[in-house]
Structure formats: structure tokens, C-alpha cells
Amino acid sequence: MSETPRILVTGGAGFIGSHLVKELIARDYRVTVLDDLSTGSLDNIREPLDSGRAELVRGSINDVDQLARCCRDVRYVFHLAAISRVPQSIADPVTTHEVNINGTLKVLLAARDGGVAKFIYASSSSVYGENPELPQHEDMVPQPVSPYAVSKLVGEHYANVFRSIYG
């Protein structure tokens with residue numbers, strides 16, 4: 001591995017992902033952003049790309065060959081890529097499943113096979129449904145009420161299983 005740790009951020013051109021990319025660069029990491037730009041924007045990561053500390057790989061988290069390349073020599077993976085709109089998940093639950101569940105599994109497998117040290121999964125408060133308790137916290141019982149929420153909860157379970165089985 002190189003001297004400066006390299007990090008993969010899936011969905012790194014989105015709102016949250018782009019802020020994470022900027023913070024990681026400020027902390028002296030080199031960042032690869034994997035994003036299909038379906039909801040993210042190059043404008044969000046223009047500065048990191050122009051600095052030379054970040055690179056963009058335009059593609060899908062369902063492309064296993066591309067994922068394998070992206071996970072080579074990577075120390076950490078921050079997985080933020082997802083179809084994140086609840087109405088879209090209701091209108092098209094199959095695509096939400098393909099991206100959010102199958103894609104997450106493929107990112108986990110690529111990280112495992114690439115020898116990534118740590119995998120950080122971005123879930124959603126939507127897994128708790130319409131529970132009125134505030135603030136919401138991870139000890140609450142999940143009660144997903146949309147395909148999006150189900151997909152994020154499945155991702156949490158997959159991440160926990162991979163941690164348990166593969167370290």
C-alpha cells in the first residue's frame with residue numbers, strides 16, 4: 001500500500017458523499033469516488049478532483065469488475081451509493097433492490113476480496129419508520145415502511161454479517 005492511505009467513497013459525488021470526500025482530503029487521504037452521477041454532480045466534487053487528491057470513477061456499484069479495480073490498494077471503503085428517494089423506491093422497488101441491496105453486497109464482496117481494512121456503511125433513519133421517539137437511536141427496533149428503508153436495513157444486516165464472518 002502507498003504511504004498516503006487511499007479511500008474509496010461510493011456515491012461520493014452526492015451531497016453527503018461530497019462533503020465526506022472534502023473532509024477526507026483535508027485529513028490527508030487520497031480518495032477514489034465511485035459514482036454513476038445519477039443523483040450526484042461533478043460540481044459537488046470539482047475542487048477535490050482539481051486538487052489531484054481525488055479521482056472519479058464513473059460507474060455502477062453493480063459492476064463487479066470495476067469494484068474490484070476500485071478496491072485495490074484501498075484501506076477504507078465508505079459506502080454511500082444508493083437510490084435514496086422513498087417515492088422512487090415505492091414506484092420502482094426492483095431497481096431499488098438491485099442497487100441498494102445487490103449493489104451493497106457486491107461492494108462488501110469487493111472490499112473483502114481486496115483486503116480492505118474497514119468498511120463503513122451509511123444507513124438511514126428511515127429504517128426506524130414512523131416512530132415518533134426523538135432522537136432516534138440505534139437501539140430502537142427497526143420498522144421500515146418503504147422499499148428504501150427495507151433496503152437500508154438489509155445493508156446494515158449484510159455489513160454486520162460480513163464483520164462477523166470476515167472481520
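Residues numbered from 1 in each chain as written. Predicted model: local features only at pLDDT ≥ 70, side-chain atom pairs only at ≥ 80, totals over all residues. Heavy atoms only, no water.

What to know about the overall build of the protein chain
Scanning the protein chain from terminus to terminus reveals six helices and five strands. Walking the protein chain from its N terminus toward its C terminus, one meets helices and strands in the order β-α-β-α-β-α-β-α-α-β-α. Taken over C-alpha atoms, the radius of gyration comes to 16 Å for the protein chain, in line with the 15 Å a tight globule of 167 residues would show. Reported as C-alpha extents along the three principal axes, the dimensions of the protein chain are approximately 45 × 35 × 30 Å. Counting over 167 residues, the protein chain shows a buried share of 41%. A fraction of 64% describes how many contacts in the protein chain between residues 6 or more apart in sequence connect residues 24 or more apart. Working note: accessible area of the protein chain is about 9100 Å², and carbon and sulfur atoms make up 51% of it. Put simply, the protein chain has 16 plus and 20 minus side-chain charges, and the middle of one group is 5 Å from the middle of the other. (Helix = DSSP H or I, 4+ residues; strand = E, 2+ residues; numbered from the N terminus. Rg over C-alpha atoms; globule rule 2.2 N^0.38 Å. Buried < 20%, exposed > 50% of the residue type's maximum accessible area, 1.4 Å probe, protein only. Contact = heavy atoms within 4.5 Å. Areas by Shrake-Rupley, 256 points an atom, 1.4 Å probe, with all protein chains shown as cover. Lys, Arg positive; Asp, Glu negative; His and termini not counted. Charge placed at Lys NZ, Arg CZ, Asp CG, Glu CD.)

Notes on the packing of aromatic side chains
Evaluation of the coordinates by the stated rule reveals three aromatic pairs. Taking 6.5 Å as the distance between ring centres and 70° as the angle between the ring planes, the aromatic pair formed by Tyr158 and Phe162 counts as edge-to-face. With Tyr158 and Phe162 both in helix α6 (residues 147-166) and four residues apart, the pair spans about one turn of that helix. Since its relative accessible area comes to 30%, Tyr158 is described here as partly exposed. Judged by centre distance (4.9 Å) and plane angle (55°), the rings of Phe162 and Tyr166 are tilted. Of this pair, Phe162 and Tyr166 are both found in helix α6, four residues apart, which corresponds to roughly one turn of the helix. (Phe/Tyr/Trp six-rings, centres within 6.5 Å; stacked < 30°, edge-to-face > 60°.)

Some points on the packing of helix α5 (residues 93-113) against α6
To characterise two packed helices, one gives the angle between the axes of the helices and the distance between these axes. Contact geometry for α5 and α6: axes closest at 9 Å, N-to-C directions at 15°. Between α5 and α6, the angle is such that the two are roughly parallel. Considering how the two elements wind past one another, α5 and α6 form a crossing that is right-handed. Here α5 contributes Pro93, Thr96, Asn100, Ile101, Thr104, Leu105, Leu108, Leu109 and Arg112 to the contact with α6, which in turn contributes Pro147, Tyr148, Ser151, Val154, Gly155, Tyr158, Ala159, Phe162 and Tyr166. Residue composition of the contact of α5 with α6, grouped by class: twelve nonpolar, five polar and one charged. (Axes fitted to C-alpha atoms, helices over the stretch in contact; angles between N-to-C directions. Parallel < 35°, antiparallel > 145°, perpendicular 65-115°, else oblique. Left-handed = near helix turned anticlockwise from the far one by under 90°. Nonpolar A, V, L, I, M, F, W, Y, C, P; charged D, E, K, R; others polar.)

Some details on the state of the cysteines
In the structure shown here, the tally under the stated rule is zero disulfides. Here Cys70 stays free of any disulfide, with the sulfur of Cys71 as its closest cysteine sulfur at 6.8 Å. With relative accessibility at 5%, the residue Cys70 sits in the buried group. For Cys71, a relative accessible area of 0% corresponds to the buried category. (Disulfide = S-S within 2.5 Å.)

Keep in mind these numbers describe shape, not what the thing actually does.
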